[in-house]
Amino acid sequence: MNAARFAATRMVAPAGAATAVWMGQQELAFAKEAPAVDLKKVRESVMDLIEKDEEARGDGTSLKGTFIRLAWHCCGTYKAADNSGGSNGAMMRFNPEAGYGNNAGLDKARAVLEPIKAKYPDMSYADLYTYAGVIAVEESGGPTIAFRTGRDDYDEAKASQKADPNDRLPNAFMGSFAACTGHVRAIFGRMGFTDREIVALLGAHAMGRCHTDRSGFWGPWTNAETTFSNEYYRLLIEERWSPKVTHNGKPWTGPDQFEDSTGKLMMLQSDMILLSDPEFKKYVAMYAKDEDLFFKDFAKAFAKLLELGVPFASVAQPWYKFW
Ligand code: HEM
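In this text, all values refer to a predicted model and were calculated from it rather than measured experimentally.

Trainee: What is the right way to look at the site of the ligand in this model?
Mentor: Near the ligand there are 25 residues, and of these Gly65, Thr66, Ala204, Gly208 and Ser215 occur at the shortest range. The leading source of residues in the shell around the ligand is helix 3 (residues 63-75), at 5 residues. Partitioned by chemical class, the residues of the shell around the ligand number 13 nonpolar, 9 polar and 3 charged. When residues of the shell around the ligand are assigned to domains, at least three map to each of domain 2 (39-169) and domain 3 (177-300).

Structural data, given as structure tokens:
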């Protein structure tokens, strides 16, 4: 059957109801659909939360970066080889994922989203966590990200059985640059990303910052941590980055990181490899020159990340299964 005709004849049921799928006058099947969620309302509530929190902080920092990190860490466990991991199930709410060292601090992001989940109980945690990242990108001047709901939530038993006991997220420091380059390529390669997509995704570090009480690292990557832009790439190329040795006039005792000439901005070793590896650097130079291209590539790569391993087809039965 032709897809356009299928779309035209498909009837959408009210929230929570079974959906009847029709072809002409003949009823073909019933499939349980995810309840309809008013994403516009969810966005308003999330933005209200972000804005009130920004006011209360009053220091120019924001939940926006943290929500992008939350969305990415939900998805960044994906393994293409066996289709395991990914955002489906919202497994980060439970161990082992909750306890991954690389998820440190994201309990705070999940906690502040609880009232939103309570307000929109029909939205799964998995959809809410990923959508919060989409909202943060879009409402910070970033590109529009293709997003659809339909992720399931697992209970604790299923999440602990399905999730990998080993932290699958990337480390920011691996000793040598060569080891770090191999590590980052291996982690993103496991998910199915190319070099170009890796560099595009890392541009999200234009937003937010590192926290000494979460990852141990300190500071923002850019001068405008609540604005989505290509500043990360421009700074990588234009600034002089050196190992951080002091912090507020005292010796730096945290993990190895880099700082700019003012000491106010930072880069991780996993950011610096984008300069040292010629293939990665090619894309850094492209995005530093062309923000539109970065936005286009980021939007595609981030939308892909958000859908890794999500069986949307199990939510609404695909038409081709009917005959
Ligand atoms: C090699 C891959 C990556 C590594 C090693 C890495 C590492 C880190 C670390 C150490 C932090 C600091 C966390 C904290 O202390 O609060 C961080 C924050 C952040 N990361 Fe990444 N990251 C990677 C890739 C990504 C990707 C792919 C995205 C999104 C597409 C992303 C978005 C962010 C954002 C927005 C923050 C700021 C969080 C905040 O402000 O609370 N990162 N990252």
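Now, onward.
Trainee: Where do I start with the packing of helix 9 (residues 195-202) against helix 12 (residues 278-289) in this structure?
Mentor: Think of two packed helices as two axes; the pair is described by the angle between the axes and how far apart they sit. At a closest axis distance of 9 Å, the pairing of helix 9 and helix 12 adopts a crossing angle of 50°. For the element pair helix 9 / helix 12, the angle class is oblique. Pair helix 9 / helix 12 crosses with right-handed handedness. Across the interface between the two elements, Asp195, Arg196 and Val199 of helix 9 pack against Glu279, Phe280, Tyr283, Val284 and Tyr287 of helix 12.

Trainee: Would you explain the nonpolar core in this entry?
Mentor: As a rule of thumb, nonpolar side chains are buried together in soluble globular proteins. In this structure, Ala71, Tyr129, Ala132, Val199 and Leu201 are the most contacted members of the largest nonpolar core, which totals 72 residues. It is helix 6 (residues 125-138) that contributes the most residues to this core, 10 residues altogether. Residues lining this core come from more than one domain, with at least three contributed by each of domain 2 (39-169) and domain 3 (177-300). Residues in contact with Ala132, not counting those within four places in the same chain, are Val46, Phe67, Leu70, Ala71 and Leu113.

Trainee: What's the story with unusual backbone geometry in this structure? I'm lost.
Mentor: With the exception of glycine, the majority of residues adopt a negative phi angle, and the majority of peptide bonds are in the trans configuration. For the peptide bond that leads from Asn95 to Pro96, omega is 10°, which places it in the cis range. Unlike most non-glycine residues, Asn83 shows phi in positive territory, near 55°. Within the secondary structure layout, Asn83 lies in the loop between helix 3 and helix 4 (106-112). Look at Asn83 and you get exposed, because 11 C-beta atoms sit within 10 Å. Unlike most non-glycine residues, Asn248 shows phi in positive territory, near 50°. Summarising the element assignment, Asn248 is placed in the loop between strand 6 (246-247) and strand 7 (250-251).

Calculation criteria
- Residues numbered from 1 in each chain as written.
- Predicted model: local features only at pLDDT ≥ 70, side-chain atom pairs only at ≥ 80, totals over all residues.
- Near = placed C-beta within 6 Å.
- Helix = DSSP H or I, 4+ residues; strand = E, 2+ residues; numbered from the N terminus.
- Nonpolar A, V, L, I, M, F, W, Y, C, P; charged D, E, K, R; others polar.
- Domains from an automatic or database assignment.
- Axes fitted to C-alpha atoms, helices over the stretch in contact; angles between N-to-C directions.
- Parallel < 35°, antiparallel > 145°, perpendicular 65-115°, else oblique.
- Left-handed = near helix turned anticlockwise from the far one by under 90°.
- Contact = placed C-beta atoms within 7 Å.
- Core = buried A, V, L, I, M, F, W, Y, C linked by C-beta atoms within 7 Å.
- Buried ≥ 20, exposed ≤ 12 C-beta atoms within 10 Å, placed from the backbone.

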